[in-house]
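Working through the structure, step by step
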Amino acid sequence: MMSIPKARLVVLISGNGSNLQAMIDAVQSGIIKAKISAVISNKRDAYGLERARKAGIPVLVLPKMKEQTREEYDAQLAQAVQQYAPDWVILAGWMRILSMHFLRHFPNRVVNLHPALPGTFPGTHAIERSYEAFQRGEIQETGVMVHLVPDEGVDAGPVLAQTQVKMLPGDRLEDLETRIHQSEHRLLVDTLVQIISKEE
Ligand code: GRF
C-alpha cells in the first residue's frame with residue numbers, strides 16, 4: 001500500500017534542544033507523521049546536535065562568521081535549509097533573529113516557539129523576565145506560544161497555539177522554567193500534529 005509521503009521538517013536550534021527531543025520522540029512514536037530531514041545549529045556546541053545524531057538525523061553546523069553581514073548569513077542559511085526541501089522550518093530554541101533574506105524563501109512555513117504569551121516578553125530571557133514581573137506582582141500567570149514567523153517581528157507572528165502556565169508564590173525561577181519547558185514540549189508537538197494533519 002502506497003505510504004503517504006511524510007511532511008519534511010527542518011529544525012533550527014542553538015542550545016540544549018529539549019524541544020527538539022520532544023519532536024524526535026513524537027516522530028519516533030508516530031504521533032507526528034513527519035520526518036525530521038535535518039537539524040541545523042548556529043552553535044557548534046549545541047547539545048541538541050548530539051540528540052539529533054543519536055536519532056540518526058543529519059546535522060549541519062552553520063555558525064555566523066564575524067565577517068558575514070546578517071543578510072549574507074541568512075541567505076547562506078536559507079540555501080542550506082532549502083537543500084532539504086522542507087514543508088516546515090521549526091525554530092526550537094533558535095536564538096537569532098531571522099531577516100527577510102531567510103524568511104522570504106519559506107513564506108508561511110517558519111514556525112517559532114516562545115516561552116511567553118502573545119504580546120508579552122518578546123526576545124531573550126523571557127522566562128526570567130516573566131518571573132521577575134510575577135515577583136513584582138505585575139502578572140499572575142504566563143504561558144507559551146507557537147506562532148508563524150512571516151517577517152522580522154520578534155516573537156510577534158500570527159499565533160498558531162498558546163497555553164497558560166501557572167505561576168505559584170513559592171516558585172523559584174527553576175520551578176517556573178521546568179513547568180514552562182514541559183508546556184512547550186506538549187504545545188509544540190500538539191501544534192505540529194495539527195498543522196501537518198491539515199495538509200495530509
Ligand atoms: C526554549 O524556552 C525556547 O522556547 C526558547 O529557548 C528555549 C530553548 O530550549 N527559544 P531548548 O533548547 O529547546 O531546550
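You'll find the structure just up there.
Residues numbered from 1 in each chain as written. Predicted model: local features only at pLDDT ≥ 70, side-chain atom pairs only at ≥ 80, totals over all residues. Heavy atoms only, no water.

1. Structural notes on the pattern of salt bridges
Should the charged atoms of two oppositely charged side chains come close, the side chains can pair. The condition that has to hold: Take a side-chain nitrogen of Lys or Arg and a carboxyl oxygen of Asp or Glu: if they are within 4 Å of each other, that pair is a salt bridge. Numbered from the N terminus, helices here are DSSP runs of H or I no shorter than four residues, and strands are runs of E no shorter than two. Buried, partly exposed and exposed residues are distinguished by accessible area as a fraction of the type maximum, computed with a 1.4 Å probe on protein chains only: under 20%, between the cut-offs, and over 50%, respectively.
Applying the stated rule across the entire model yields six salt bridges. Put simply, Glu 50 and Arg 53 hold a salt bridge, and the shortest N to O gap is 3.4 Å. Of this pair, Glu 50 and Arg 53 both sit in helix α2 (residues 47–54), three residues apart, which is roughly one turn of the helix. Look at Glu 50 and you get partly exposed, because its relative accessible area is 30%. For Arg 53, a relative accessible area of 43% puts it in the partly exposed group. Salt-bridge contacts for Asp 171 lead to Arg 179; the nearest nitrogen and oxygen are separated by 2.7 Å.

2. Considering the sheet that holds strand β1 (residues 7–13)
Definition in use: A pair of strands counts as paired when DSSP detects no fewer than two bridges linking them. Every angle, taken between N-to-C directions, lies between 0 and 180 degrees, and every axis is a line fitted to C-alpha atoms, over only the stretch in contact when it is a helix. Throughout, a residue-residue contact means that at least one pair of heavy atoms, one from each residue, lies within 4.5 Å.
Spatial strand order, β3-β2-β1-β4-β5-β6-β7: seven strands in an open sheet with mixed pairing. What marks the edges here is a single partner per strand, and that holds for β3 (59–61) and β7 (159–166). Neighbour-to-neighbour, the strand axes of the sheet open up by a mean angle of 20°, direction not taken into account. Bridging between strand β4 (residues 88–91) and strand β5 (residues 110–114) involves three bridges; their strand directions are parallel. Bridged to Leu 91 within β5 is Asn 112. Lying on the sheet, helix α1 (residues 18–28) is in contact with β1, β2 (34–41), β4 and β5; it crosses β2 at an angle near 160°.

3. Some thoughts on the site of the ligand
Stated precisely, the cut-off is as follows: Nearness is judged by heavy atoms alone; a residue qualifies as near a molecule or strand once a single heavy atom is within 4 Å of it. Counting of polar contacts relies on pairs of N or O atoms within 3.5 Å, with two restrictions inside protein: one atom must be capable of donating a hydrogen and the other of accepting it, and residues adjacent in sequence are counted only when both atoms are side-chain atoms. Per-residue and other accessible areas were derived by the Shrake-Rupley procedure at a 1.4 Å probe size, with only the shown protein chains allowed to occlude residues. Residue classes follow a fixed rule: Ala, Val, Leu, Ile, Met, Phe, Trp, Tyr, Cys and Pro count as nonpolar, while Asp, Glu, Lys and Arg count as charged, and any other residue, Gly among them, counts as polar.
Inspection of the region around the ligand gives Asn 16, Gly 17, Ser 18, Asn 19, Gly 93, Met 95, Leu 113, Pro 115, His 181 and Glu 184 as its neighbouring residues. Asn 19 is positioned with one of its side-chain polar atoms (N or O) 2.7 Å from an oxygen atom of the ligand. One of the side-chain N or O atoms of Glu 184 is found 2.4 Å from an oxygen atom in the ligand. Protein coverage of the free-state accessible area of the ligand, which is 360 Å², stands at 86%. Elements supplying a minimum of two residues to the shell around the ligand: α1 and α6 (173–197). In terms of residue class, the shell around the ligand is built from three nonpolar, six polar and one charged.

4. Points about the packing of α1 against α6
Note the cut-off: By definition in this entry, angles of less than 35 degrees are roughly parallel, angles greater than 145 are roughly antiparallel, angles of 65 to 115 are roughly perpendicular, and the rest are oblique. Put simply, a crossing is left-handed when the front helix is turned counterclockwise from the back one by less than a right angle, and right-handed when it is turned clockwise.
The contact between α1 and α6 brings their axes to 9 Å, and the two run at 45°. Comparing the axis directions of α1 and α6 gives the class oblique. Crossing of α1 against α6: the hand is right-handed. Here Ser 18, Asn 19, Ala 22, Met 23 and Ala 26 of α1 lie close against α6, whose contacting residues are Glu 184, His 185, Leu 188, Val 189 and Leu 192. When its residues are assigned to classes, the contact of α1 with α6 shows six nonpolar, three polar and one charged.

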